[in-house]
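Each chain is listed here by its residues.
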There are 2 protein chains.
Amino acid sequence: MKRVKKKLFSDFIARKGLKSTRQRDTILEFFLASDRHMSIEELYLKVRAKHPNIGYATVYRTLKLFAEAGLAREIQFGDGQTRYEHVNEGEHHDHLVCTRCGTIVEFENPVIEKLQDEVAKSHGFLIETHKMELYGLCPKCRK
Amino acid sequence: MKRVKKKLFSDFIARKGLKSTRQRDTILEFFLASDRHMSIEELYLKVRAKHPNIGYATVYRTLKLFAEAGLAREIQFGDGQTRYEHVNEGEHHDHLVCTRCGTIVEFENPVIEKLQDEVAKSHGFLIETHKMELYGLCPKCRK
DNA sequence: GATGTTTATGAAAATCACTTTCATTACCAT
DNA sequence: ATGGTAATGAAAGTGATTTTCATAAACATC
Ligand SMILES: [Mn+2]
Ligand SMILES: [Mn+2]
Ligand SMILES: [Zn+2]
Ligand SMILES: [Zn+2]
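Treat the numbers as computed from the prediction; the structure is a model and nothing was measured.

Is there a simple way to think about the coordination of the zinc ion (ligand 3) in this case?
All names here are of chain A. Cys-98 (SG), Cys-101 (SG), Cys-138 (SG) and Cys-141 (SG) make up the full set of protein donors to the zinc ion (ligand 3), lying at 2.1 to 2.4 Å. Taken together, the four donor atoms coordinating the zinc ion (ligand 3) span angles of 103 to 114° at the metal, a pattern that classifies the geometry as tetrahedral. Counting gaps between the donor residues of the zinc ion (ligand 3) yields the pattern C-x2-C-x36-C-x2-C. Of the two residues, Cys-98 is situated in strand S4 (residues 94-98) and Cys-141 in helix H6 (residues 139-142); the sequence distance between them amounts to 43 residues. Judged by its relative accessible area of 3%, Cys-98 is buried.

Quick question: what am I supposed to make of the interface of chain A and chain B here?
Put simply, an interface is often sized by how much accessible area is lost when its parts join up. Across the boundary between the two partners, chain A contributes 32 residues, which contact 32 residues of chain B. Both sides together, the interface formed by chain A and chain B hides about 3,000 Å², and carbon and sulfur atoms give 68% of it. The largest share of the area that chain A buries against chain B comes from Phe-125, Lys-131 and Tyr-135 of chain A, three residues that together contribute 21% of it. Remark: the boundary between chain A and chain B carries zero salt bridges. Sorting the residues of the side of chain A that touches chain B by element identifies S4, strand S5 (104-107), helix H5 (110-122), strand S6 (126-137) and H6 of chain A as the ones contributing at least two each. When residues in the side of chain A that touches chain B are grouped by element, the largest group, 12 residues, is from S6 of chain A. A per-class count over the side of chain A that touches chain B returns 19 nonpolar, eight polar and five charged. The pairing of S6 of chain A with strand S6 (residues 126-137) of chain B spans 11 bridges and is classified as antiparallel. Along S6 of chain B, the bridge assignment pairs Glu-133 of chain A with Lys-131 of chain B.

Calculation criteria
Residues numbered from 1 in each chain as written. Chains lettered and ligands numbered in written order. Predicted model: local features only at pLDDT ≥ 70, side-chain atom pairs only at ≥ 80, totals over all residues. Heavy atoms only, no water. Donors = N, O, S within 2.8 Å, 3.2 Å for Na, K, Ca; no water. Tetrahedral: all angles 85-135°; square planar, octahedral: opposite > 155°, others 65-115°. Helix = DSSP H or I, 4+ residues; strand = E, 2+ residues; numbered from the N terminus. Buried < 20%, exposed > 50% of the residue type's maximum accessible area, 1.4 Å probe, protein only. Contact = heavy atoms within 4.5 Å. Buried area = accessible area lost by both parts, 1.4 Å probe. Salt bridge = Lys/Arg side-chain N within 4 Å of Asp/Glu carboxyl O. Nonpolar A, V, L, I, M, F, W, Y, C, P; charged D, E, K, R; others polar. Pairing = 2+ DSSP bridges.

Next comes the structure, spelled out in structure tokens:
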């Protein structure tokens with residue numbers, strides 16, 4: 001899986017005429033090894049712990065590249081920080097977010113997706129993307 | 001309807017031991033008269049046109065109060081501005097957002113809502129709120 | 001109606017999370 | 001090895017809030 005992502009990125013780099021750099025490789029390594037839904041700051045801190053010379057701006061720019069290359073996606077849970085999650089070929093999911101501890105659970109529901117398309121169609125919209133997040137207490141925090 | 005909202009707010013003011021002020025009344029008036037989904041800046045500009053002495057900070061703080069009082073809700077469509085929409089007793093809706101012209105259409109879909117509850121339950125979550133937005137081109141922008 | 005206490009207001013400063021700038025490095029095709 | 005680009009990091013800039021603080025306005029109580 002990591003191999004696939006790395007290939008995806010190096011192909012992207014080549015296709016765009018960009019350069020392969022130590023920093024980009026390092027950041028990709030950390031991104032792939034990380035939990036999902038990392039904020040720029042969080043990833044930057046993890047990277048910096050091992051590579052104090054890599055700057056915030058580079059992490060920021062590299063995450064944008066990952067998104068452009070199709071291996072990451074920007075998400076916004078309303079806490080004021082942009083997060084990046086992993087994208088897997090042909091996969092789509094939405095989120096359950098715990099309002100107490102921040103736990104994020106992913107889910108897929110084809111029936112809902114289909115209904116969303118119908119809603120859009122009934123209003124004459126041509127849907128490009130959508131966002132669905134359910135906020136509440138996770139099993140642990142309910143107790 | 002406006003009467004109900006004003007009552008709701010004055011009750012809130014009283015209950016919280018806050019003060020009734022000219023500014024709050026004015027801002028509420030403009031909020032109730034406005035289209036839905038206004039950003040702070042937009043409402044501030046409308047208010048300022050007639051009341052040049054009311055400051056941005058007051059509009060900002062007053063909108064927060066409206067939300068706390070239950071007559072407005074903060075929404076975030078990813079354009080970098082916080083917006084406030086009207087809340088009507090016992091009503092819930094989600095949004096279709098045109099990515100080209102910004103048009104916002106509201107819709108309700110009980111079937112989706114029910115499925116969302118089921119998803120949450122199957123993951124042991126106790127849902128408090130949710131967010132569902134469908135982004136794409138509105139009928140006009142499709143042409 | 002005047003007064004005292006408390007909350008609200010407005011202008012300006014401070015935050016926050018990016019986003020861009022720019023001098024300096026690092027890539028990489030000769 | 002070298003020259004031409006692209007990338008990097010530190011710092012400055014942005015834009016949308018969010019907070020601070022001196023002053024003003026409410027609203028109970030004289
Ligand atoms: Mn989905
Ligand atoms: Mn709405
Ligand atoms: Zn939790
Ligand atoms: Zn449109």
